[in-house]
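Spelled out from the first residue to the last, the chains are:
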2 protein chains.
Amino acid sequence: MARVLTPQAEDFPRWYQDVINKAELADNGPVRGTMVIRPTGYAIWERIQSEMDDRIKLAGAQNAYFPLFIPESYLKREAQHVEGFSPELAVVTHAGGKDLDEPIIVRPTSETIIGEFMAKWVQSYRDLPLLLNQWANVVRWELRPRIFLRTSEFLWQEGHTAHASEADARAYARRILHEAYQDLMVNVLAMPLVVGRKTTAERFAGATNTYTLEAMMRDGKALQMGTSHELGQNFAKAFGIEYTSDTGGREHAWTTSWGSTTRMIGGMIMCHGDDNGLRVPPRLAPIQAHVMVVKSGDAVPETAAKLRDALRDAGVRVGFDDRTDTPFGRRAVDAELKGYPIRVEVGPRDLAAGNVVLARRSTGGKTPVPVDKAVDEIQAALAADQQALYDQALAFREARTVDVTTAADAVEAAATGFARIPWSTLGTAGEAELNKQAVTVRCL
Amino acid sequence: MARVLTPQAEDFPRWYQDVINKAELADNGPVRGTMVIRPTGYAIWERIQSEMDDRIKLAGAQNAYFPLFIPESYLKREAQHVEGFSPELAVVTHAGGKDLDEPIIVRPTSETIIGEFMAKWVQSYRDLPLLLNQWANVVRWELRPRIFLRTSEFLWQEGHTAHASEADARAYARRILHEAYQDLMVNVLAMPLVVGRKTTAERFAGATNTYTLEAMMRDGKALQMGTSHELGQNFAKAFGIEYTSDTGGREHAWTTSWGSTTRMIGGMIMCHGDDNGLRVPPRLAPIQAHVMVVKSGDAVPETAAKLRDALRDAGVRVGFDDRTDTPFGRRAVDAELKGYPIRVEVGPRDLAAGNVVLARRSTGGKTPVPVDKAVDEIQAALAADQQALYDQALAFREARTVDVTTAADAVEAAATGFARIPWSTLGTAGEAELNKQAVTVRCL
Ligand SMILES: [Zn+2]
Ligand SMILES: [Zn+2]
């Protein structure tokens, strides 16, 4: 069979780009760094959105929508924030047939405009906590774009909350970190994580504390999967988010923000994918079981259709392929590329023996199972393979993580994986030294 | 009780703005014509999105996402299209710290950029029909903005499809019109519609035929609730969407596009709202039954909480208010404003007789019902009130629609409602005459 993808070991970034093209996940857009998310890729995003939205609502936040356009003056109100984002901004200078008096920023994030409205809506301690989330597109100009990982426009959710005390703000930033982000990434995306704090140097622009979730990709490198920030009173002071406390005094609120993006798709691809394509974890997969008619034959299409319906009735997300005018081999390669967790092959020979064949993407195994046991076997296999993908990724990471005691050893370890070093040993001086070698301290 | 809203009869536009403020649906954004959709308003949008998305997927379209930013050159390729949109465009001229060589348009709609990618993806007749949809924000600069109705940025879904024949394209544009838009607007939004075609003068920029759905607001005026366009081969020719037919020839595809927006929220408000606030149809309502503790008392909070849980278990979307430190009257006014279809009042006096009180927003009626019958009664009332709102709106429209035979009579009738006139009588000359009187031909 012809090679479909560049092997990971040969050129990992090229493998990544190949998978995205061949599995029809996304394309580059015409404007630098933008992306077109194709239906196969977008279906994965919809699953992530749905699972994330459930968790965010369970944590008590409500969805809202704030404008794409932000007056330039807003961004300037928080000094660190504007400094952090200035090089990445896209600016509208002309609208409705006229040059604008004040340039408009296309939002890179919404702390400032949401801060402005929180200041209106928060009057008393009874209005707190105010827990908001929005699903939106944001723009940060990218000079070295990579689809899903760094794009000039990306999709995300951004949460913004205001609280009466620092302790309450901190507890909520951590609650989202664990109950929304970590829970989804571990239990749905099947990705082992290192969860902790960023160093001062790596914090979000305007934050007093940034929590991060870091995962290891199959090239041994770390990817930041999401962040949750304590913003202290920085934005509350810049935008006047003040409230009357229960004792009658005026206080500034304490705010948080937290975001997770289409980058999660890139992380999932690079954590689980192999030289045959994607491996999508069953709990995430838009198609969990892909029923394929191998070739026509007595009762074959009917059995396949019945099995599809029975799976659907059992709550399995199911795909169906009866395009027998296309060679089965080509269709099977495509199913591997797209990473459907289970291929259910229905063909005349196996069916004569009362069987269909389950091909499991995570392990590569092929097993005949009796037609009338297929639904149960598939459900069991989906649950087992969800765990198997997590276990594989964890074993991979553990094999590439070493404990070190010097910055020099950390640089060496980082060439192939993660280095674990006590912060008391490293410190900010050691961090600066690592940065010179293009190694970053990801997580405390 | 103090007047909460400007009465509709006194000043309808002001009533509309009052409702939006007092029910906390939305605010004006800082950049001209932009809006902030607050949680109460956004929850309504999420319900519309969910219902619309189901219908679009049932009609076979798949979701995807295309970039916010479109090269200026793309818009220029279809002459009518660029002419129609030019006055409304927002233009990015500066990004990533530099002036751009080619200005970037913030999408006013995505026919052009999607056309570019359809041309890549469509090769053979086997690739057709290609049925795409996206949920996105778009920007059309507004000089006279009104929240939800005309805003510089709005949220919408835009469908874009390519077909092998004009007949297939036409059938699909109509399928979406009826099975997605009309079905949702009639059966969920409870709005009677006039469905038909736009005149040549009123068509979408670049379309060969535009279908529309028009509803009457409570000031007697029409609101366009959605449109579905046949684009002929205009965009296929401009972007090179060509395919090899089953006989081997090269053909241009036939495309459609169709959109529905946050304006639907405005339509729902103005079709059903009254002087006490919103009336949200039960099938749409994020909160269908709002359980309220009138005041504390023996077993009152416990009964209210049990009823809430029983309603939730029965599949009713339920709200809960036990803030007995706020006067009940104020909370009841707020519930009216927000238009919850049924208020379930749980108070000590009624409960002593074994009852709770159902207050129905659509009719204003208040009925005591035994606690153990409440769930059944509420479900029956929700179904009846969905129909009642539709019937009221239909009766209102019928009372304000007159058959006329001259353009002069049509102008007179349009002052208070709709005029129905044969197109053969009116024609394009009559249409021009009506336009001088600020009357438009909405639907053929
Ligand atoms: Zn202040
Ligand atoms: Zn052509």
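Residues numbered from 1 in each chain as written. Chains lettered and ligands numbered in written order. Predicted model: local features only at pLDDT ≥ 70, side-chain atom pairs only at ≥ 80, totals over all residues. Heavy atoms only, no water.

**What about the coordination of the zinc ion (ligand 2)?**
Residue and element names in this part refer to chain B. In plain terms, the rule: Note that water is not among the atoms considered, so a metal site may appear incomplete; the donors listed are N, O and S atoms within 2.8 Å of the metal, with 3.2 Å applied to Na, K and Ca. Helix and strand labels come from DSSP, where a helix needs a run of H or I of at least four residues and a strand needs a run of E of at least two; each type is numbered from the N terminus. Here the term buried applies to any residue with accessible area under 20% of the maximum for its type, exposed to any over 50%, and partly exposed to those in between, with areas from a 1.4 Å probe on protein chains only.
Distances from the zinc ion (ligand 2) to its protein donors, namely Glu242 (OE) and His252 (NE2), fall within the range 2.1 to 2.3 Å. One end of the pair, glutamate 242, is in strand β12 (residues 242–244); the other, histidine 252, is in strand β13 (residues 250–252), with 10 residues separating them in the sequence. The class for glutamate 242 is partly exposed, based on a relative accessible area of 27%.

**Description of the packing of helix α1 (residues 12–22) of chain B against helix α8 (residues 263–272) of chain B**
Residues and elements named next belong to chain B. The condition is simple: Under this scheme, a helix contributes an axis fitted over its contacting stretch, all axes are lines through C-alpha atoms, and angles between N-to-C directions fall in the 0 to 180 degree range. Crossing handedness is read from the near helix: turned anticlockwise from the far helix by less than a right angle, it gives a left-handed crossing, and turned clockwise, a right-handed one. Here a residue-residue contact requires only that any non-hydrogen atoms of the pair lie within 4.5 Å. Polar here means any residue outside two lists: the nonpolar Ala, Val, Leu, Ile, Met, Phe, Trp, Tyr, Cys and Pro, and the charged Asp, Glu, Lys and Arg; Gly therefore counts as polar.
One can describe the packing of α1 onto α8 by two numbers: an axis separation of 11 Å at closest approach and a directional angle of 115°. Judged by the twist between their axes, the crossing of α1 over α8 is right-handed. On α8, the residues that touch Phe12, Trp15, Tyr16, Val19 and Ile20 of α1 are Gly266, Ile269 and Met270. For the contact of α1 with α8, the class distribution of residues is 7 nonpolar, 1 polar and no charged.

**Let's talk about the environment of A:Thr440**
All names here are of chain A. Among the structural elements, threonine 440 can be located in the segment after α14 (423–436). As a C-alpha pair, threonine 440 and glutamate 202 span 238 residues in sequence and 8.6 Å in three-dimensional space. Leaving out residues up to four positions away in the same chain, threonine 440 has contacts with Glu202 and Asn435.

**Topic: the environment of A:Phe418**
All names here are of chain A. Within the secondary structure layout, phenylalanine 418 lies in strand β21 (residues 418–420). Considered as a pair, phenylalanine 418 and alanine 253 are 165 residues apart in the sequence and their alpha carbons are 38 Å apart. Not counting residues within four places of it along the chain, the set of residues in contact with phenylalanine 418 comprises Val194, Ala215, Met216, Gly220, Lys221, Ala222, Arg397, Arg400, Thr401, Val402 and Ala413.

**A few points about the sheet that holds strand β11 (residues 222–230) of chain B**
Residues and elements named next belong to chain B. Definition in use: Strand pairing is assigned whenever DSSP identifies at least 2 bridges connecting the two strands.
Strand order in this open sheet of 7 strands is β3-β7-β8-β14-β11-β10-β9, and the pairing throughout is mixed. Because the sheet does not close on itself, it has two edges, and the strands there are β3 (62–63) and β9 (194–197). Sheet topology places strand β8 (residues 153–163) next to strand β14 (residues 254–261); 8 bridges connect them, and they run antiparallel. Bridged to threonine 161 within β14 is threonine 256. Strands in contact with α8 are β10 (209–216), β11 and β14; relative to β11, the strand with the most contacts, it is inclined by about 145°.

By themselves, these are just geometric observations and shouldn't be taken as functional.
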